[in-house]
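Structural overview
If you want the building blocks of each chain, they are given just below.
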Amino acid sequence: MVKFVLCDPSIAGTGGHYLEYAVRVLEAARIQGFDPYLAVNAAFDGTVPDIPVVKPFRYDIWGEVPTRKKRPLGPRTAMDVKLLKYYKSRFASLWAAAKDPAALEHYNRHTGGAGVNWRWISRMVGVRSQVASRLVEDRLSGKLDELNDGEMLVHEAYIAAALCLKSKRPDVPVFEKSNALLSMGLKNVCANQFASALKFVVEEFALSEEDYIFLPTMSWTDLRGLQQFRRLQDRSPELHLLFRRNIFREYADKWQGQGFDVHELSHLFSQVAVCNADKKVFCYTDTVPLTAQYEELGSGPFIPLPIPAPEVRSPRRKSGQPIRIAYLGDARTEKGFQYLPALVRAVRDSLWRSRVVFDVQCYLPEGHSPVDMLQTIESLKRLQGPHLELHFGALSADGYSKAIERSDAILIAYDRGNYSARSSGIFIEALCSGRPVIATGGTWMSALADMLSDIRFDELISKHVGAAPIPGARLKWQTVQGEPFVGAPSQKSKRLTLSNREVACTILRVPSRATHLVLRFKNESPISGTYLDLHCVSRGENGNCLSEDVRAVGGHEADRIGTLFKVLPGQVDFWLGIGNARGATKSVMSDIEFVWVESNQPLEASVGGIYVNPDVPGGYEAGLIKAVFVLEQDYPAYAQSAAFARSILGGVHHADRLVQDILQASQAKAALTTNKYVTGFRDDY
């Protein structure tokens, strides 16, 4: 029987997403006729029923060693007390800000710390490269083996303070490589160990050329190790690599200047592709925009794989019960954990205090205790009550499914820069279980919702009452830059082309009886993942502003997009601006259509939930608070749209489909090749 081996160095415990994902995929592989095997980190201390397990990996995808014992942060000894005091001291806070300014901003806002000392922060930013060099020496010598993240921060602050006090003037700031794991020396150590672990897997499971190895959490250091493994192994099984980390941060207009990191990665892929004459290496991502990012490197193809979701019952909320909004996952800044205290306070201090309950998982992985997350957890502990339930520690696969089942909605306030193209497993799991979400706009999540919304609006528009659809060409468009939008009403396809930083605006007068306005168009931008900004102002009789809404729509190449705006009482018209503020090249909209709809029932703006744009008036935190109250008020409509999303996504994002796609790629010999000779990176990056 052909063997299917899943290798994941990040599986270091019996809880969490990684193990649940692996078991789901391996069970699907068994159904497809494979003999399943699992290779995990040496720190793994559990078993998996009916699946042989080996533990050859030492480092996880972040270059950490989970087997190292790390003491919890707390005053156990006199030295611990001294470290803890310094950990909460001015220097440690300033160093946290030098590494990530958002950390000190959060610390000051929620703990009443001292004001920002930008002089010291600038000095500490200037010595970051020197601190990094000292840390590499300490790490390789073993001095840092038993330090958790909190104690590591103290250690770094000591070094940074000493360097700053030694120098009379701030050094020139040196910006760290955005996606580097550690120093080049430690990268080589990680890569060598990864290659040795793969070699062990092949020998331990007696794998042949007909067998499959699937690596679902590939890092760039792992790619270097895989290249070494290929040189060591004359005949290897097929290697199927899934890349889930974004190459670029933010949008295409921010990619310029990020080419230094990408240059190294493009050569890594090129070297692997050149040595892939036997067509044994296959590459995947799990979103369309992420695929486009990787294929910019000059090698390919990168095939999008589905995200396998568990089987979870639909929500069964009874009328009159409070809405349970769950936060599930690690306590991390990029996942929006820091916004929870403000959301809980807003509900506690409002008339909705008995109608919304937050169900929050507070989980810091062992050895990881960043200062802002520790402060956030302490704030949440003080807020516990009828409106907030806290659950500490990791969740098992069964516990995770039960946490989803007892929730009515999921909070996914992820960082837009990291998730503009990157996937979210909890987002797919929420929609596949029929639960609405509160998520970040301008991300892959909202882009998928925009595409689903256009499908859903087909049914809505077929029932609309009021004015006929308005083609975009029949409106008078004005642009801040470039030529006005022109087009004949009789043409079927109308196009609006916007250069970078260009905005087109128009005014739509509200007809009688209309309750909603639907905007639909096709995104034909040349770069996948390109977003457009929609700025909609609802105006009254005298041109006064009744409400203002800012959205980021798009994100999928050549996919149809739909969004909806509510007509307010006393509203006369909409002022609508469409801007290309996030694309490095031109953005192209075609088949633009506006439809007035009359409905006595609440209608959702986007399928599956509320997507809050960080640029919304009042700020992102205020937008999240407003979204909580809107969701509570119109929950039946959002639950219905989430059920619609489940009907479409449930059959796609399944482990059986993932294994089938891997088989199809193997049969089609869609292996990694070099599309062009890479001598350097594109000039416009």
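Residues numbered from 1 in each chain as written. Predicted model: local features only at pLDDT ≥ 70, side-chain atom pairs only at ≥ 80, totals over all residues. Heavy atoms only, no water.

Describing the overall build of the protein
What the protein contains, in helices and strands, is 19 helices and 25 strands. The burial tally for the protein puts 56% of its 685 residues in the buried class. Here the protein has roughly 28,600 Å² of accessible surface; of this, 52% comes from carbon and sulfur atoms. (Helix = DSSP H or I, 4+ residues; strand = E, 2+ residues; numbered from the N terminus. Buried < 20%, exposed > 50% of the residue type's maximum accessible area, 1.4 Å probe, protein only. Areas by Shrake-Rupley, 256 points an atom, 1.4 Å probe, with all protein chains shown as cover.)

Structural notes on the packing of helix H1 (residues 17-31) against helix H19 (residues 655-667)
It is the contact of H1 with H19, at a shortest axis distance of 8 Å, that shows an interaxial angle of 65°. Between H1 and H19, the interaxial angle falls into the category roughly perpendicular. For the crossing formed where H1 meets H19, the hand is right-handed. For the pair formed by H1 and H19, the contact residues are Tyr21, Arg24, Val25, Ala28, Ala29 and Ile31 on the first element and Ala655, Asp656, Leu658 and Val659 on the second. Here the residues of the contact of H1 with H19 sort into eight nonpolar, no polar and two charged. (Axes fitted to C-alpha atoms, helices over the stretch in contact; angles between N-to-C directions. Parallel < 35°, antiparallel > 145°, perpendicular 65-115°, else oblique. Left-handed = near helix turned anticlockwise from the far one by under 90°. Contact = heavy atoms within 4.5 Å. Nonpolar A, V, L, I, M, F, W, Y, C, P; charged D, E, K, R; others polar.)

Topic: the side chain of Asp286
Residue position: Asp286 is located in the loop between strand E6 (281-285) and helix H11 (288-295). A relative accessible area of 6% means that Asp286 is categorised as buried. Within the structure, Asp286 has its side chain in polar contact with the side chain of Arg244 (distance 3.5 Å). Reaching out from Asp286, the side chain makes a polar contact with the side chain of Ser423 at a distance of 2.7 Å. Look past the residues within four positions of Asp286 in its chain and what remains in contact with it is Leu242, Phe243, Arg244, Leu305, Ile307 and Ser423. (Polar contact = N/O pair within 3.5 Å; in protein donor to acceptor, adjacent residues only side chain to side chain.)

Concerning the sheet that holds strand E4 (residues 212-215)
What the seven strands build is an open sheet, ordered E3-E2-E1-E4-E5-E6-E8; its pairing is parallel. Of all strands in the sheet, those bounded by a partner on one side alone are strand E3 (53-57) and strand E8 (302-304). Sheet twist, expressed as the mean angle between neighbouring strand axes with direction ignored, is 25°. As judged from the five bridges shared by strand E1 (residues 3-7) and strand E2 (residues 35-41), these two strands associate in the parallel manner. If you follow Lys3 over to E2, its bridge partner there is Asp35. In the packing of helix H9 (residues 220-232) onto the sheet, the strands contacted are strand E5 (238-242) and E6, and the crossing angle to E5 comes to about 175°. Across the sheet, H11 touches E6 and E8, and the angle it forms with E8 is around 175°. (Pairing = 2+ DSSP bridges.)

Some words on the nonpolar core
Judged by nonpolar contacts, the single largest core of 40 residues is most densely connected at Cys7, Leu223, Leu241, Phe243, Phe269 and Tyr294. Residues in contact with Cys7, not counting those within four places in the same chain, are Ala39, Phe57, Leu198, Val201, Ile213, Phe214, Leu215 and Pro216. If you look at the next biggest cluster of nonpolar residues, it comprises 36 residues, including Ile377, Leu383, Ile438 and Tyr638. (Core = buried A, V, L, I, M, F, W, Y, C linked by side-chain atoms within 4.5 Å.)

Observations regarding helix H6 (residues 128-141)
Between its first and last C-alpha atoms H6 spans 20 Å; for 14 residues at 1.5 Å apiece the expected length is 20 Å, and the two agree. Every buried residue belonging to H6 is among Arg128, Val131, Leu135, Asp138 and Arg139, and all of these are buried. Down the axis of H6, the buried side of the element spans an arc of 100°, and every buried residue falls inside it. Among the exposed residues of H6, those pointing more than 90 degrees away from its buried face are Glu137 and Leu140. Gly142, located one to two residues past H6, shows a positive phi value of around 90°. (Expected span 1.5 Å × (residues − 1). Arc of directions from axis to C-beta.)

As for unusual backbone geometry
The omega torsion of the bond from Gly300 to Pro301 falls at 0°, within 30 degrees of zero and hence cis. Mapped onto the elements of the fold, Pro301 is located in the loop between strand E7 (299-300) and E8. Positive phi is not limited to glycine here, since Asp50 has a value of about 65°. When you line up the elements, Asp50 lands in the loop between E2 and E3. Despite not being glycine, Lys279 has its phi angle at roughly 55°, a positive value. With respect to the element layout, Lys279 can be found in the loop between helix H10 (259-274) and E6. On the basis of relative accessibility, which here comes to 33%, the residue Lys279 falls in the partly exposed class.

Some words on the pattern of salt bridges
For the structure shown, the criterion picks out 24 salt bridges. The shortest N-O distance in the salt bridge between Glu203 and Lys199 comes to 2.6 Å. With Glu203 and Lys199 both in helix H8 (residues 184-204) and four residues apart, the pair spans about one turn of that helix. Residue Glu203 is classed as exposed on the basis of its relative accessible area of 52%. A salt bridge links Glu389 to Arg324; its shortest N-O distance comes to 2.9 Å. Within this pair, whereas Glu389 is found in strand E11 (residues 388-392), its partner Arg324 is found in strand E9 (residues 323-327), the two being separated by 65 residues in sequence. On the accessibility criterion, Glu389 (31% relative accessible area) is partly exposed. (Salt bridge = Lys/Arg side-chain N within 4 Å of Asp/Glu carboxyl O.)

Quick look at the environment of Gln130
Relative to the helices and strands, Gln130 resides in helix H6. Gln130 sits 29 residues away from Ile159 along the chain, and the two C-alpha atoms are 8.9 Å apart.

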